[in-house]
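Spelled out from the first residue to the last, the chains are:
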Amino acid sequence: MGKTADLTTVQKMTIDTLKKEGKTQKVIAKEVGCSQSSVSKHINREAKGRKRCGRKECTSKRDKRALERIVEQNRFKNVGEIHKEWTVAGVSASRSTTHRRMQDMGFSCRIPRVKPLLNKRQRQKRLAWAQDKKDWTAAEWSKVMFSDESKFCISFGNQGPRVWRKTGEAQNPRCLKSSVKFPQSVMVWGAMSSAAVGPLCFLRSRVNAAVYQEVLEHFMLPAADQLYGGDDFIFQHDLAPAHSAKSTSTWLKDHGIPLLDWPANSPDLNPIENLWGIVKRKMRDARPNNAEELKATIKATWALITPEECNRLVDSMPRRIAAAIQAKGAATKY
């Protein structure tokens, strides 16, 4: 026979129900499968309102409200900074108590989501673009070859400051980190369709219009042949300066490459952004020692991308469009 502390939640609920029915403690103990003393102690505890035992909390409701205000003011503070500010406010509590109270409030320390900053004009253009594309089918999106550059580093552990947030607050503006559009780094160019990925291009210099046109010549055109053969396709790239340069537009027209109109600062609408994320997650356990090893790892991981993964990402375009419309042009979770 177990003690009162050993009673399960189901046993306690059963005891409460049978007590209300007027059963004796002896009968209840027999039906529940515990000692009569356990039943007696549970009933007496409930009657006296003793929900818990142990040391009384050293913080009041007022103290907790003050702590929540401190966290709400800046979600990116660490526990030490929050504890120090809470102590200055007149609360006598340890660092571990501060952490426990934050957890009791529902705050968890998470890596912040990253979203591009959009002004009003950009949101309006994104909304207009999404409304124009809302009736596109999966078959139409399968004709689009998505392309993009991405940064790869030898160290994958530095993910920046963490943020305190509650369940459901991942998209809260206070919990978001603004992305940097042009970080100084060596970039990798790649392309994908709903069927597969194209060849990678490692960029050794800063991407200007001339460099980008070489990428189109030696990597985009072969990718188009590989992914579409002789079939028609639409090429997609963002509005980076090298992409939107007049000489680049002329190059695309001269080669007969139809271009998908694209709203500015909209990586969340591009499925290849998610593909880069998949590649980086697969490389999480890799530890390249130099740039050549890093390139080899990227190539090997890129080659492991399956047609099913590509198809699933491109098939998400109607959902991305719907999310952009629902958000009235604001950045979405993708």
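Cut-offs and rules
- Starting from 1, residues in each chain are numbered consecutively following that chain's sequence as written.
- Only residues with pLDDT of at least 70 are given local features in this predicted model, and only at 80 or more are side-chain atom pairs given and counted; all residues enter the totals for whole chains, interfaces and linings.
- Processing note: side-chain calculations cover all non-hydrogen atoms of the structure and skip hydrogens and water entirely.
- Each helix is a run of DSSP H or I of at least 4 residues and each strand a run of E of at least 2, with the numbering of both proceeding from the N terminus.
- Radius of gyration: over C-alpha atoms. The globule rule applied is 2.2 Å multiplied by the number of residues raised to the 0.38 power.
- Whether two residues touch is decided by their heavy atoms; if any such pair falls within 4.5 Å, the residues are in contact.
- Each accessible area value is a Shrake-Rupley result obtained with a 1.4 Å probe; residue values ignore everything except the protein chains displayed when judging cover.
- Positive charges are assigned to Lys and Arg, negative charges to Asp and Glu, while His and the chain termini are left out of the count.
- For this purpose, a charge sits on NZ of Lys, CZ of Arg, CG of Asp or CD of Glu.
- Take the residue count of a helix, subtract one, and multiply by 1.5 Å to get its expected span.
- Throughout this description, buried means an accessible area under 20% of the type-specific maximum (1.4 Å probe, protein chains only), exposed means over 50%, and partly exposed covers the range between.
- Directions pointing from the helix axis toward each C-beta atom define the arc.
- Values of bend correspond, residue by residue, to the angle between axes fitted over the seven residues ending at that residue and the seven starting there.
- Two N or O atoms form a polar contact when they lie within 3.5 Å of each other; inside protein one atom must be a possible hydrogen donor and the other a possible acceptor, and for residues adjacent in sequence the pair counts only when both atoms belong to side chains.
- Lines fitted to C-alpha atoms define the axes, with helix axes restricted to the stretch in contact, and inter-axis angles between N-to-C directions lie between 0 and 180 degrees.
- Angle categories: roughly parallel below 35 degrees, roughly antiparallel above 145, roughly perpendicular from 65 to 115, and oblique for all the rest.
- The hand of a helix crossing depends on one turn: near helix anticlockwise from the far one by less than a right angle means left-handed, and clockwise means right-handed.
- Side-chain classes are defined by residue name, with Ala, Val, Leu, Ile, Met, Phe, Trp, Tyr, Cys and Pro counting as nonpolar, Asp, Glu, Lys and Arg as charged, and the others, Gly among them, as polar.
- Residue types Ala, Val, Leu, Ile, Met, Phe, Trp, Tyr and Cys, when buried and joined through side-chain atoms within 4.5 Å, form a set referred to as a nonpolar core.
- In summary, the pairing rule links any two rings of Phe, Tyr or Trp, Trp by its six-membered ring, whose centres are within 6.5 Å, and it sorts them by plane angle into stacked for under 30 degrees, edge-to-face for over 60 and tilted for everything else.

The protein chain carries the name Transposase in an unreviewed UniProt entry, which gives Gadus morhua as its organism.

A.B. asks: Pulling in residues and values, what's your account of the overall build of the protein chain?
C.D. replies: For the protein chain, the helix and strand inventory stands at 15 helices and eight strands. For the protein chain, whose C-alpha radius of gyration is 29 Å, the value lies well above the compact-globule estimate of 20 Å for 334 residues. C-alpha extents for the protein chain along the principal axes are approximately 90 × 50 × 45 Å. Here the contacts in the protein chain between residues at least 6 apart in sequence split such that 76% fall between residues at least 24 apart. Of the roughly 19700 Å² that the protein chain leaves accessible, carbon and sulfur atoms contribute 51%. Charge separation in the protein chain, taken as the distance between the mean sites of 60 positive and 34 negative side-chain charges, equals 13 Å.

A.B. asks: Mind laying out helix α4 (residues 61–73), listing which residues take part and the relevant values?
C.D. replies: Think of an α-helix as 3.6 residues a turn; residues three or four steps apart then line up on the same face. Relative to the 18 Å expected for 13 residues at 1.5 Å per residue, α4 spans 19 Å between its end C-alpha atoms, a close match to the ideal helical length. Among the residues of α4, Asp63, Ala66, Leu67, Ile70 and Val71 are the ones counted as buried. The buried residues of α4 occupy an angular sector of 135 degrees when the element is viewed end-on, so they sit on one face. Along α4, the residues that are exposed and aim more than 90 degrees away from the buried face are Lys61, Arg62 and Gln73.

A.B. asks: Got a sec to walk through helix α9 (residues 209–228)? Specific residues and values, please.
C.D. replies: At leucine 216, α9 shows its maximal kink, close to 35 degrees. Structurally, α9 contributes buried residues whose contacts are with β3 (144–151), β6 (187–192), β7 (201–202), β8 (234–236), α10 (241–244) and α11 (246–254). Its side-chain oxygen placed 3.2 Å from the backbone nitrogen of alanine 210, asparagine 208 serves as the N-cap of α9. Immediately downstream of α9, the backbone of glycine 229 shows phi near 65 degrees, a positive value.

A.B. asks: Can you break down the packing of helix α7 (residues 120–133) against helix α15 (residues 317–326) residue by residue, with the values?
C.D. replies: Geometrically, a packed helix pair is captured by the angle between its two axes and the distance between the axes. Packing of α7 against α15 leaves a shortest axis separation of 9 Å and a crossing angle of 135 degrees. Judged by the inter-axis angle, α7 sits oblique to α15. In this structure, α7 crosses over α15, and the sense of that crossing is left-handed. Touching Leu127, Trp129, Ala130, Gln131 and Lys133 of α7 are Met317, Ile321, Ala324 and Ile325, all from α15. For the contact of α7 with α15, the class distribution of residues is seven nonpolar, one polar and one charged.

A.B. asks: I'd like a description of the nonpolar core, backed by residues and values.
C.D. replies: Counting 30 residues, the largest nonpolar core has Trp129, Trp141, Phe146, Phe152, Met192, Leu275 and Ile298 as the members making the most contacts within it. Within the residue set of this core, elements represented by two or more residues are α7, β3, β6, α12 (271–282), α13 (291–303), α14 (307–315) and α15. A per-element tally of this core places α12 first, with five residues. Discounting chain neighbours no more than four positions away, the residues touching tryptophan 129 are Trp141, Asp261, Trp262, Pro263, Leu269, Met317 and Ile321. Within the second largest apolar cluster, 20 residues are counted, among which are Met187, Ala191, Ala224 and Leu227.

A.B. asks: Account for the packing of aromatic side chains, naming residues and giving values.
C.D. replies: Aromatic rings in a pair are described by how distant their centres are and how their planes are angled relative to each other. One pass over the full model with this rule turns up seven aromatic pairs. Ring centres 5.1 Å apart and planes at 70 degrees place the aromatic pair tryptophan 129 and tryptophan 262 in the edge-to-face group. Placement of the pair is tryptophan 129 in helix α7 and tryptophan 262 in the loop between α11 and α12, with a sequence separation of 133 residues. The same class applies to tryptophan 129 and to tryptophan 262, which are both buried. Aromatic pair tyrosine 228 and phenylalanine 233: ring centres 5.3 Å apart, planes at 15 degrees, arrangement stacked. Exposure class is identical for tyrosine 228 and phenylalanine 233. Each is buried.

A.B. asks: How would you summarise the packing of helix α5 (residues 79–88) against helix α6 (residues 95–104) if you had to cite specific residues and measurements?
C.D. replies: Two elements in contact, α5 and α6, have axes separated by 9 Å at closest approach and are oriented at 100 degrees. In this view, α5 runs roughly perpendicular relative to α6, as classed from their interaxial angle. Of the residues in α6, those touching α5 at Val79, Gly80, Ile82, His83 and Trp86 are Arg95, Thr98, His99, Arg101 and Met102. Along the lines of polarity and charge, the residues of the contact of α5 with α6 split into four nonpolar, four polar and two charged.

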